[in-house]
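What follows is the residue order along each chain.
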Amino acid sequence: MPEPTYIITAVLVCSAVTWALRAAPFAFLAPIRHSALLPYLNESMPVGVLTILVFYTLRHTPVDIAPQTGAAVAALLTTAALHIWRRNAVLSVVGGTAVHVVVASSLPLFS
């Protein structure tokens, strides 16, 4: 069994690292709070994150099986249309997901 001083030291080190990692974002945010960077990130990040999400989601979509590709395309078009219409990310994602689930569930299973 480890020595008590070793255990206490390990707990203190882990506590210090955890505290530092939780405090670091606030420490880095304070100097840039009033800069032009934050409004820029607020405008550009949602588009970038959603673009990455689209490519990540569609990377394994089979293009040679038309019904499965159709479900992904229908969901993608629904998501884009809802977002253009209402400008609400939650509505767009939920609506596109619902369309994909309905269309993909109605397809015959391929094995």
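Structure: above.
Residues numbered from 1 in each chain as written. Predicted model: local features only at pLDDT ≥ 70, side-chain atom pairs only at ≥ 80, totals over all residues. Heavy atoms only, no water.

Caption draft 1: Structural context of the environment of Leu 107. Here Leu 107 shows up in the segment after helix H4 (89-106). A sequence separation of 40 residues divides Leu 107 from Pro 67, and the C-alpha atoms of the two residues are 6.9 Å apart. Once residues within four sequence positions are removed from consideration, Leu 107 is found in contact with Pro 67, Gln 68 and Ala 71. (Helix = DSSP H or I, 4+ residues; strand = E, 2+ residues; numbered from the N terminus. Contact = heavy atoms within 4.5 Å.)

Caption draft 2: How the structure looks around the environment of Met 45. Among the secondary structure elements, Met 45 is positioned in helix H2 (residues 37-58). Between the C-alpha atoms of Met 45 and Thr 69, which are 24 residues apart in sequence, the distance is 28 Å.

Caption draft 3: Just the packing of helix H3 (residues 66-86) against H4, in detail. At their nearest, the axes of H3 and H4 sit 8 Å apart, and the two run at 155° to each other. Judged by the inter-axis angle, H3 sits roughly antiparallel to H4. The chirality of how H3 crosses H4 is right-handed. Every residue of H4 that contacts H3 at Ala 71, Ala 72, Ala 74, Ala 75, Thr 78, Thr 79, Leu 82, His 83 and Arg 86 is listed here: Ala 89, Leu 91, Ser 92, Val 93, Gly 95, Gly 96, Val 99, His 100, Val 103 and Ala 104. Its residues assigned to classes, the contact of H3 with H4 shows 11 nonpolar, seven polar and one charged. (Axes fitted to C-alpha atoms, helices over the stretch in contact; angles between N-to-C directions. Parallel < 35°, antiparallel > 145°, perpendicular 65-115°, else oblique. Left-handed = near helix turned anticlockwise from the far one by under 90°. Nonpolar A, V, L, I, M, F, W, Y, C, P; charged D, E, K, R; others polar.)

Caption draft 4: Summary view of H3. Here H3 spans 30 Å end to end across 21 residues, near enough to the 30 Å set by a 1.5 Å rise per residue. Listing the buried residues of H3 in full gives Thr 69, Ala 71, Ala 72, Ala 75 and Leu 82. Looking at the buried positions of H3, the neighbouring elements they touch are H2 and H4. Directly after H3, the chain includes Arg 87, whose backbone phi takes a positive value near 55°. (Expected span 1.5 Å × (residues − 1). Buried < 20%, exposed > 50% of the residue type's maximum accessible area, 1.4 Å probe, protein only.)

Caption draft 5: Summary view of a nonpolar patch on the surface. Side chains of Ile 32, Leu 37, Tyr 40, Leu 41, Met 45 and Val 49 sit close together on the surface and give an oily, nonpolar patch of about 520 Å² of accessible area. By secondary structure assignment, the location of Leu 37 is in helix H2. (Patch = residues over 30% accessible without salt bridge, like charges linked within 9 Å, V, L, I, M, F, W, Y side chains within 5 Å. Areas by Shrake-Rupley, 256 points an atom, 1.4 Å probe, with all protein chains shown as cover. Salt bridge = Lys/Arg side-chain N within 4 Å of Asp/Glu carboxyl O.)

Caption draft 6: Structural detail: the packing of aromatic side chains. Considering all chains together, one arrives at zero aromatic pairs under this definition. A cation over an aromatic ring shows up here: Arg 59 above the ring of Tyr 56, its NZ or CZ 4.1 Å from the ring centre. (Phe/Tyr/Trp six-rings, centres within 6.5 Å; stacked < 30°, edge-to-face > 60°. Lys NZ or Arg CZ within 6 Å of the ring centre and 35° of its normal.)

Just distances and angles here, no functional claims.
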